[in-house]
Amino acid sequence: MIYVLSFSTLSALLFAVDSRPSRDIIKRFVISLAVLVPCCVAGFRALNIGTDTSVYAYPMYKCAIASDSFFSYYESVFMSGWHQRSISSIEIGFSLLVFVVAKCARAFQVLLFLVQFLTIAPIFSALYSMRQKYPLWIGATVYYFLFFGSSLNIMRQWVAIAFMLLSVVFFFSNKKSLSVIALIAGISFHYSLVLISICLLAVWYLLRGARTSRQSEKRLALIAVLGILIISNLNSLSGVLSRLGFGSYSSGYLNGSLGLSVNQIVLRLPALCVYLYCFHKTRKEEWNTLEGFFLAMLILDLFASQMGTISGQSLRISFYFGSFQILGLPYFIYNKKKKRTILTALLIGYLCIYWYIYYVIYGYSSIYPYEVVRLY
């Protein structure tokens, strides 16, 4: 109940300040609420809300509390599930954040709050940078209902994803230096972003070379074919990544038998239909690389989601591509002025249904029902 109530209230407030002229101080206050309230929801959750909260975040925090220095902390080990794991095997950005919070605040709830802040703040910054194309409220609503729940679980990766989105928006705006800084910040929280960023650059430059809609369709088809080939040869990909020094990721995400997940396809079909409908309506107009990029990301998300048949861990790769719905869904909907109201209403319905099916019925990310931490 707390999720839906907070999401709906914050989305309505953002819609109100976006829809009519508002004083800057009011707009800043509402945006601050839209960022800080979800951070409080994340910060005061119990340890069993989000599996990774107890798998690595809390054990790392306890190690930091017990350590005398950062070096002794960095060399220590903790129990991650049923096996031991060293702090040094965790990305330096997250490890350093845990240590600083443990020594300065000495409160695990502060750590959870800050991790969520480092997720939401870059996403809102990216959405604010896109405000000339669509209002902030609709992108925020997509994040709340589709991805906030998973960010309570895969915390390190979602911080990396958030900075990735901000980096891409800077890249779109030709702010290359800021884009690199945001990308480095994201990589410091999850090294797998190195590989994903190479993929994103390849897709962007492949689509950027298209001059007509016909060329763009051929290149999107090529991206889809390459995606199918990669997803069908994960064992070979795992071997290549191991040789490149990404053995921990290849063993954690790529080892296993791939199957077909109809549920993951069905969950993405409404978004795919919106993309394809809007893309089809503009195909005779001047080619827009941004539209093609967002569509390519959703196609790759569709393929990557099939990795969920290997393990729940493997499914996490799809969030790198699926997260672009935060930017892409509002972009496509607000490009269609004549049917914007209908598409927006359908989007809100889709988001509510998705949240209920994904987080309540299927129980992904272990965030429902919400429980408040017991403070002693």
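Note that the structure is a prediction, hence the values are computed from the model and not measured. (Residues numbered from 1 in each chain as written. Predicted model: local features only at pLDDT ≥ 70, side-chain atom pairs only at ≥ 80, totals over all residues. Heavy atoms only, no water.)

Undergrad: Explain the overall build of the protein chain to me, please; I cannot follow it from the model alone.
TA: Broken down by element type, the protein chain carries 19 helices and two strands. Here the C-alpha radius of gyration of the protein chain, 21 Å, is about what a compact globule of 376 residues would show, namely 21 Å. Expressed along its principal axes, the backbone C-alpha trace of the protein chain runs to roughly 65 × 55 × 45 Å. Counting contacts in the protein chain only where the partners sit at least 6 residues apart, residues at least 24 apart contribute 75% of the total. Here the protein chain displays about 17,400 Å² of accessible surface, and carbon together with sulfur accounts for 64% of that area. Once the 31 positive and 12 negative side-chain charges of the protein chain are each reduced to a mean point, those two points are 7 Å apart. (Helix = DSSP H or I, 4+ residues; strand = E, 2+ residues; numbered from the N terminus. Rg over C-alpha atoms; globule rule 2.2 N^0.38 Å. Contact = heavy atoms within 4.5 Å. Areas by Shrake-Rupley, 256 points an atom, 1.4 Å probe, with all protein chains shown as cover. Lys, Arg positive; Asp, Glu negative; His and termini not counted. Charge placed at Lys NZ, Arg CZ, Asp CG, Glu CD.)

Undergrad: Would you take a moment to explain the packing of helix α7 (residues 136–151) against helix α19 (residues 340–361) for this structure?
TA: Pairs of packed helices are described in terms of their axes, by the angle between the two and the distance that separates them. At a minimum axis distance of 9 Å, the contact between α7 and α19 shows a crossing angle of 10°. One way to sum up the angle between α7 and α19 is to call them roughly parallel. For the pair formed by α7 and α19, the contact residues are Trp-137, Ile-138, Thr-141, Val-142, Phe-145, Leu-146, Phe-147, Gly-149 and Ser-150 on the first element and Thr-344, Leu-347, Ile-348, Tyr-350, Leu-351, Cys-352, Tyr-354, Trp-355 and Tyr-359 on the second. Grouping the amino acids of the contact of α7 with α19 by side-chain chemistry returns 14 nonpolar, four polar and no charged. (Axes fitted to C-alpha atoms, helices over the stretch in contact; angles between N-to-C directions. Parallel < 35°, antiparallel > 145°, perpendicular 65-115°, else oblique. Nonpolar A, V, L, I, M, F, W, Y, C, P; charged D, E, K, R; others polar.)

Undergrad: I'm lost on the packing of α7 against helix α18 (residues 325–335) in this one. Help?
TA: α18 packs onto α7 with a crossing angle of 135° between their chain directions and a minimal axis gap of 8 Å. When the interaxial angle is binned, α7 and α18 end up oblique. With respect to the hand of their crossing, α7 and α18 are arranged in right-handed fashion. Here Trp-137, Ile-138, Gly-139, Val-142, Tyr-143, Leu-146 and Phe-147 of α7 lie close against α18, whose contacting residues are Gln-325, Ile-326, Leu-329, Pro-330 and Tyr-334. Grouping the constituent residues of the contact of α7 with α18 by class yields 10 nonpolar, two polar and no charged. (Left-handed = near helix turned anticlockwise from the far one by under 90°.)

Undergrad: Would you explain unusual backbone geometry in this entry?
TA: Cis geometry is adopted by the peptide bond preceding Pro-369, which originates at Tyr-368 and carries an omega value of 0°. For Pro-369, the location among the structural elements is in the segment after α19. Positive phi outside glycine occurs at Arg-106, with the angle close to 50°. Within the secondary structure, Arg-106 is located in the loop between α5 (92–104) and α6 (108–129).

Undergrad: Would you take a moment to explain the pairing of strand β1 (residues 77–80) for this structure?
TA: Residues in a regular strand point their side chains to alternate faces of the sheet. The alternating pattern of β1 places Phe-78 and Ser-80 on a buried face, while none of Val-77 and Met-79, on the opposite face, is buried. With four bridges joining them, β1 and strand β2 (residues 83–86) adopt antiparallel strand pairing. Bridge pairing in β2 places Ser-80 opposite His-83. (Buried < 20%, exposed > 50% of the residue type's maximum accessible area, 1.4 Å probe, protein only. Pairing = 2+ DSSP bridges.)

Undergrad: Help me understand the side chain of Ser-323 in this model?
TA: Within the fold, Ser-323 resides in the loop between α17 (318–322) and α18. Sequence-distant contacts of Ser-323, that is, excluding residues within four places in its chain, are made with Phe-147, Trp-158, Ile-161, Met-164 and Leu-165.

Undergrad: How do you make sense of the packing of aromatic side chains when you look at a structure like this?
TA: The geometry of an aromatic ring pair comes down to the distance between the two centres and the angle between the two planes. Evaluation of the coordinates by the stated rule reveals 42 aromatic pairs. With centroids separated by 6.3 Å and ring planes inclined at 25°, the aromatic side chains of Tyr-58 and Tyr-61 adopt a geometry described as stacked. Linking Tyr-58 with Tyr-61, this pair stays in helix α3 (residues 51–66), spanning three residues, or about one helical turn. Judged by relative accessible area, Tyr-58 falls into the partly exposed class, the value being 28%. In this structure, Arg-131 packs its charged tip against the face of Tyr-128, placed 4.0 Å from the ring centre. The ring of Tyr-56 has Arg-156 lying over it, and the distance from NZ or CZ to the ring centre is 4.9 Å. (Phe/Tyr/Trp six-rings, centres within 6.5 Å; stacked < 30°, edge-to-face > 60°. Lys NZ or Arg CZ within 6 Å of the ring centre and 35° of its normal.)

Undergrad: Got a minute to help me understand the environment of Gly-43 in this structure?
TA: Relative to the assigned elements, Gly-43 resides in helix α2 (residues 24–43). Under the relative-accessibility criterion, Gly-43 is labelled buried at 2%. Residues Gly-43 and Ala-16, 27 residues apart in the sequence, show an inter-C-alpha distance of 27 Å. Beyond its immediate stretch of four places on either side in the chain, Gly-43 contacts Gln-109, Leu-112 and Phe-113.

Undergrad: Help me out: how do you make sense of a nonpolar patch on the surface in this one?
TA: Together, Leu-222, Val-225, Leu-226 and Leu-229 line one region of the surface with nonpolar side chains, adding up to about 330 Å² of accessible area. Looking at where Val-225 falls in the secondary structure, it is placed in helix α11 (residues 213–232). Using a relative accessible area of 44% as the deciding quantity, one classes Val-225 as partly exposed. (Patch = residues over 30% accessible without salt bridge, like charges linked within 9 Å, V, L, I, M, F, W, Y side chains within 5 Å. Salt bridge = Lys/Arg side-chain N within 4 Å of Asp/Glu carboxyl O.)

None of this, on its own, says anything about what the molecule does.
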